[in-house]
Amino acid sequence: INVQPIDNKTLLDIQNIAVIPQYWKYRSEASFVLNQASLSNWVKGGEGSISTALDITGYADYNNKAKKLSSNNFVRLNFGYIATGNEGITKNLDLLETNLKLNHIAFGKVYFSAILLLKTQIARGFKYFKTTSGADTSSLVSKFMNPGIITIGLGLDYKRNKTTSINFSPLSYKGTFVTDTAQIDQTQYGIAKNKKSLNEPGVSFMISNEFRHWKTVSVINRLQLFTNYIHNPQNVDVDWEMIATAHLNWFTDVRFNTHIIFDDDTKTVEQYKNGQSVLLPDGTEKKTARVQF
């Protein structure tokens, strides 16, 4: 072995290290639930069923400190089927949504912000009911982009920390679209009979927060509020989802999910306890906006 002595009295030359900034960060979350109930000669009544639920969310976050730009984006699919003895296979869950946000720092923890939200579904959805003669029937009420709800807004975004964001967009637009009016009744989504879209200028307000008080338990809240400038501004549209997850081990989590929607333009038929529709004096069915849970 040839050994070359080093003179420790002089400094050694080192090579320059090129630092490549990492602007994008990606992550994903996925859960799959399979549930089966099997009954045999069960005197108390009931019906066997099999249900599935798939929930996938992909996140893409951008941060460029030199240009004072940041972006938080996610795409989510929540989908499931249920099969019962009488009804057969029907859709149980169906939500496709994307949330895009672009921020430029204004001062402190406040950013100039632009948002783009899209909510729709991927499969055909049916409403099941009985006719006056007692026969079971169904009607098509939704399919991909029918309805499709788009919200665009410009305003300010306040980031208290990495887990909390408050967005206020006084310049916002909300559009509800039903293009296939031949098969789907667009009036149940607040769209006029002779139109295929409902266009609303207004104010958008969003709060997103991830609460992690314990290391193994997390609670995510996403609250979206929207009010129309020119039509019943006192009636605020609400879309609030809460997801609580408790980590048991490397393979299993316990998950609790609630979703509440109230849209003043989305009206459904009121019914008595026996299932019959409430009628107005002119004989038409009474429709009101109610909380969807």
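Summarised in this report is the structure supplied together with it. (Residues numbered from 1 in each chain as written. Predicted model: local features only at pLDDT ≥ 70, side-chain atom pairs only at ≥ 80, totals over all residues. Heavy atoms only, no water.)

1. Considerations on the environment of Thr 181
The line we're drawing: Secondary structure elements follow DSSP: runs of H or I of four or more residues count as helices, runs of E of two or more count as strands, with numbering from the N terminus. The buried label goes to any residue with under 20% of its type's maximum accessible area, the exposed label to any with over 50%, and the partly exposed label to all in between, with areas taken from a 1.4 Å probe on protein chains only. Contacts were defined at the residue level, with two residues in contact if any of their heavy atoms lie within 4.5 Å.
As for its position among the elements, Thr 181 is in the loop between β9 (164–177) and β10 (197–214). In this structure Thr 181 comes out as partly exposed when scored by relative accessible area, which is 28%. C-alpha separation for the pair Thr 181 and Ile 166, spaced 15 residues apart in sequence, amounts to 37 Å. For Thr 181, the contacting residues outside a window of four places in its chain are Gln 186, Lys 195 and Lys 196.

2. Section: a nonpolar patch on the surface
Just so we agree on the cut-off: Distance thresholds for patches are 9 Å for like charges and 5 Å for nonpolar side chains (Val, Leu, Ile, Met, Phe, Trp, Tyr), applied to residues having over 30% relative accessible area and no salt bridge. With residues, only the protein chains shown are counted as cover, and all accessible areas are computed by Shrake-Rupley using a 1.4 Å probe. Salt bridge criterion: a side-chain nitrogen from Lys or Arg within 4 Å of a carboxyl oxygen from Asp or Glu.
Residues Phe 32, Leu 34, Ile 50, Leu 54 and Ile 56 make up a contiguous nonpolar surface patch of roughly 470 Å² in combined accessible area. Those elements that provide at least two residues to the nonpolar patch are β1 (24–37) and β2 (49–64). Per-element accounting of the nonpolar patch gives the leading share, three residues, to β2. On the secondary structure map, Phe 32 appears in strand β1. The exposed category is assigned to Phe 32, whose relative accessible area is 56%.

3. Section: the packing of aromatic side chains
Quick note on the threshold: Pairs were defined over the aromatic rings of Phe, Tyr and Trp, the Trp ring being its six-membered one, requiring ring centres within 6.5 Å. Orientation was assigned from the angle between planes: stacked under 30 degrees, edge-to-face over 60, tilted for the rest.
On inspection of all chains with the given rule, the structure shows six aromatic pairs. Arranged with centres 5.9 Å apart and planes meeting at 45°, the rings of Tyr 59 and Phe 74 form a pair that is tilted. Pair noted here: Tyr 59 is in strand β2 and Phe 74 is in strand β3 (residues 69–84), with a separation of 15 residues, a long-range link. There is no split in this pair, since Tyr 59 and Phe 74 are both buried. Taken together, a centroid distance of 5.4 Å and an interplanar angle of 55° make the contact between Trp 250 and Phe 251 tilted. The pair Trp 250 / Phe 251 is uniform in exposure class, with both members exposed.

4. Focus on the environment of Ile 261
Considering the arrangement of structural elements, one finds Ile 261 in strand β13 (residues 253–262). Along the primary structure Ile 261 and Lys 273 are separated by 12 residues, whereas in three dimensions their C-alpha atoms are 23 Å apart. If sequence neighbours within four positions are ignored, Ile 261 has contacts with Val 238, Asp 239, Arg 290, Val 291 and Gln 292.

5. Things to note about the environment of Phe 126
Mapped onto the elements, Phe 126 comes out in strand β6 (residues 125–130). Spatially, the C-alpha atoms of Phe 126 and Lys 143 are 9.1 Å apart, while their sequence positions differ by 17 residues. Setting aside residues no more than four positions away along its own chain, Phe 126 makes contact with Ser 138, Ser 139, Leu 140 and Val 141.

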